[in-house]
Amino acid sequence: MSQRLAAARAEAGPAGRSAASPVLKTLLYAALALIAVAQVFPLLWLAVFSLKDTQEIFTKSPLSLPASPKWENYEKVWTEGNIGQYFFNSVWYTVAAVAATVLLASLVTFALTRMKWGWKKPVLGLFMVGIMIPIHSTLIPLFQMFMKAGLTDHPLSIILAYTAFNLPLTIMILLGFYETLPREVEEAAVMDGCSVNRIFFQIVLPMTASVLATTVIINMIYNWNEFVFVNTFISSDTLKTLTVGIQNFIGQYSADWGAIGATLMISILPILIAFFALSNQIVEGMTAGSVKG
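Residues numbered from 1 in each chain as written. Predicted model: local features only at pLDDT ≥ 70, side-chain atom pairs only at ≥ 80, totals over all residues. Heavy atoms only, no water.

The chain appears in an unreviewed UniProt entry as Sugar ABC transporter permease from Paenibacillus pasadenensis. As recorded by UniProt, the Subcellular location (unreviewed entry) comment attached to the chain reads in full: "Cell membrane". Taken verbatim from the UniProt record of the chain, the Sequence similarities (unreviewed entry) comment is "Belongs to the binding-protein-dependent transport system permease family." (UniProt positions renumbered as here; feature names shortened; annotations may be inferred.)

(A) Broad picture of the confidence of the model for the chain. Overall, the predicted model of the chain reaches an average pLDDT of 84, with 87% of residues at or above 70. In this model residues 289-293 is a low-confidence stretch, pLDDT under 50, and it forms six contacts with partners more than four residues away in sequence or in other chains. (pLDDT = per-residue confidence, 0-100. Contact = heavy atoms within 4.5 Å.)

(B) A look at the UniProt feature "transmembrane region" (unreviewed entry) in the chain. UniProt annotation of "transmembrane region" (unreviewed entry) refers to residues 27-48, 91-112, 124-147, 159-178, 199-222 and 257-278 when read in the numbering used here. For residues 91-112, the helix share is 100%, the strand share is 0%, and the end-to-end C-alpha distance is 31 Å. (Helix = DSSP H or I, 4+ residues; strand = E, 2+ residues; numbered from the N terminus.)

(C) A look at the nonpolar core. Counting 36 residues, the largest nonpolar core has Val77 and Tyr178 as its most contacted members. Every element with two or more residues in this core is listed here: helix 4 (83-114), helix 7 (155-178), helix 9 (196-207), helix 10 (209-225) and helix 13 (257-277). By residue number, the principal contributor to this core is helix 4, which donates seven residues. In this structure, Leu139, Ala161, Leu239 and Val244 belong to the second largest nonpolar core, which totals 16 residues. (Core = buried A, V, L, I, M, F, W, Y, C linked by side-chain atoms within 4.5 Å. Buried < 20%, exposed > 50% of the residue type's maximum accessible area, 1.4 Å probe, protein only.)

(D) Spatial organisation of unusual backbone geometry. Of note, the phi angle at Asp153 is positive, near 60°, even though the residue is not glycine. For Asp153, the position within the fold is in the loop between helix 6 (139-149) and helix 7. Taking relative accessible area as the criterion, Asp153 reaches 25% and is therefore assigned partly exposed.

Set out below in structure tokens:
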């Protein structure tokens with residue numbers, strides 16, 4: 001009897017799974033579609049918001065389309081709002097800080113995973129402690145330090161702050177990937193007379209391109225959207241970034257909300273372009289260090 005039941009279950013098993021499979025796929029795709037709509041909707045809403053004027057924003061439904069798209073909002077923020085200068089500042093602060101962070105983090109990770117020296121664990125622990133330090137608790141000490149060094153209202157203060165606060169997380173992401181890299185390639189390079197510097201720059205660094213793309217986009221998002229450091233350390237209008245420059249359209253008694261929406265839309269586009277350009281490398285880098293061996 002038990003053998004007949006087992007045989008019946010074995011025969012019904014694949015058929016039952018095949019019948020349930022389309023239903024499960026449909027539910028999965030429906031859930032993913034809802035998640036995608038929830039993710040894309042704020043961007044579409046902001047794009048529509050940026051094409052309205054202040055009166056239309058407050059008198060009509062938030063989901064209504066503009067009666068006449070106000071493309072002049074983008075022209076206004078670029079010409080009258082000095083957004084071009086803020087955009088340039090955001091770009092070069094971000095690029096400089098990301099390049100410094102990724103290079104320094106790669107050097108530190110290479111030293112921690114490939115070299116033998118006595119202070120490896122304390123140094124790693126010191127960097128990991130940096131993740132637990134709140135940004136706001138460092139504003140006054142950093143401001144005093146930069147003021148004594150003559151770096152207040154100077155781009156270097158922003159680049160140094162971004163680099164220092166992004167190093168611990170970048171090192172932590174790189175550590176898992178470096179542990180999976182085959183050491184045989186480096187050993188063969190050493191046998192051929194390759195120096196440590198050449199091993200790092202010509203062998204190890206190219207092998208970590210996928211995870212570097214992940215760290216680049218993470219650092220870009222943080223640096224591009226950062227507000228507190230720029231608002232604290234920078235006072236000159238010509239050195240401010242997009243996130244701080246938005247305040248130009250907010251007055252004491254009124255605000256140009258259409259211009260604010262256009263500025264936000266302009267500020268989002270570079271991150272979206274970078275993410276789509278590096279999307280394949282980002283996914284590969286996030287999964288490469290998850291399985292060891």
